[in-house]
Structure formats: structure tokens, C-alpha cells
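# Secondary and tertiary structure notes
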Amino acid sequence: ADDVKGASSSKGERPPRLYVKGAFVTFRRSNANQRNHCAILQIDGVNNKEDLDFYLGKRVAYIYKAKRARGKHSRVKKESGKQTSRFRVIWGKIQRAHGNNGLVRSAFQKNLPARALGGSVRIMLYPSRI
């Protein structure tokens, strides 16, 4: 009746994380110009061009907290009829490599705000190209 070694118990365990952590480093730029439609990201654990081939085409989420809550469309609360959340998401996609050191270029549906610089992003492990 004791727990078997290697068997997982549902008590106090988190579900598996379906994303990889990353950071928004900068916008694509030259010395004089900055291109806000192209964000440069650093993916945790990726340090060269060969390792990032797996991540090309993956979805990226920048999650931030807004001042006012907005109604969510997914679930409905029984008492009020609407569920609200202050968390919002800007979705993007990884396009290509940026240099040889593991940075990637990505495009978001709306340009990321300047306050997102240095902030964290989530690189989702879908869509799969395997």
C-alpha cells in the first residue's frame, strides 16, 4: 500500500509545464533606426544556432497585468454570469534566428510595448514540426 518508487502521487505535484521560458531582449535595430515590429528574444538553454532550429514557428506569449479587469470568454461564473481577469496576452511567432548565439526574431500580433523590454515571455511547445 506504500508508494512505489518512481510512481508519481497527485498530492502536491504540479502539472507539466508546456512552455519554455524566455526573455524579450530588444527590438531589431541598427545604429540609427529601431524596428518595433520585430522583437528579439533569448530562449532559456539555447546558446547557438543549431539548438534553436526546434523553436522556429513556435507560438510566443507575452503575458502582462492590466489596470482594469476585462471579461473572459472561456468560462462563465454562475453567480455573476461573467468571469474577469486582469491578465492579458499578446501572441507572436518565432520567425528566424538572429545571429549565431541563440537569439531569435519574432513578430507579435501587436508590437510589444517598451515597458516589456527585459520582461519574460513564454515559448509554447506548439505547433509541432516533428
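## Structural notes on a nonpolar patch on the surface
Together, F54, L125 and I130 give the surface a local cluster of nonpolar side chains, amounting to about 330 Å² of exposed area. Residue placement: F54 occurs in the loop between β2 (34–43) and β3 (59–71).

## Looking at the pairing of strand β4 (residues 84–98)
For a regular strand, side-chain orientation follows a simple rule: the groups alternate between the two sheet faces. Bridge count for β3 against β4 is nine bridges, and the pairing is antiparallel. Counted as the bridge partner of R70 is S85 from β4. As paired strands, β4 and strand β5 (residues 103–108) are joined by six bridges and run antiparallel to one another. Bridged to A97 within β5 is V104. Linking two consecutive strands that pair antiparallel, namely β4 and β5, is a turn of four residues; a positive phi of about 85 degrees is found at G99 within it.

## Details of the sheet that holds β3
Strand order in the closed barrel formed by six strands is β1-β2-β5-β4-β3-β6, with antiparallel pairing between adjacent strands. Adjacent strand axes in the sheet meet at a mean angle of 45 degrees when their direction is disregarded.

## Quick notes on the pattern of salt bridges
Applying the stated criterion across every chain, the model contains one salt bridge. A salt bridge links D53 to R129; the nearest nitrogen and oxygen atoms lie 3.7 Å apart. One end of the pair, D53, is in the loop between β2 and β3; the other, R129, is in the segment after β6 (120–124), with 76 residues separating them in the sequence. Residue classification places D53 among the partly exposed residues on the basis of a relative accessible area of 42%.

Criteria and cut-off values
Counting restarts for each chain: residues are numbered from 1 in the order of the written sequence. In view of the model being predicted, local features appear only for residues whose pLDDT reaches at least 70, and side-chain atom pairs are presented and counted only at 80 or more, with totals across whole chains, interfaces and linings using the full set of residues. Hydrogens and water are ignored here; the side-chain numbers use all heavy atoms of the structure. A residue counts toward a patch only above 30% relative accessible area and without a salt bridge, and it is joined to like-charged neighbours within 9 Å or, for Val, Leu, Ile, Met, Phe, Trp and Tyr, to nonpolar neighbours within 5 Å. Here, Shrake-Rupley sampling with a 1.4 Å probe gives the accessible areas, and only protein chains in the shown set may cover a residue. Any carboxyl oxygen of Asp or Glu that lies within 4 Å of a side-chain nitrogen of Lys or Arg is treated as forming a salt bridge with it. Every helix listed is a DSSP run of H or I at least four residues long, and every strand listed is a run of E at least two residues long, numbered separately from the N terminus. We treat two strands as partners when DSSP finds at least two bridges between them. To obtain an axis, a line is fitted to C-alpha atoms, over the contacting stretch when the element is a helix, and the angle between two such axes runs from 0 to 180 degrees between their N-to-C directions. Remark: exposure states derive from per-residue accessible area (1.4 Å probe, protein chains only) relative to the maximum for the residue type, with buried under 20%, exposed over 50%, and partly exposed in between.

Note that every value here comes from positions in space, so none of it alone points to a role or purpose.
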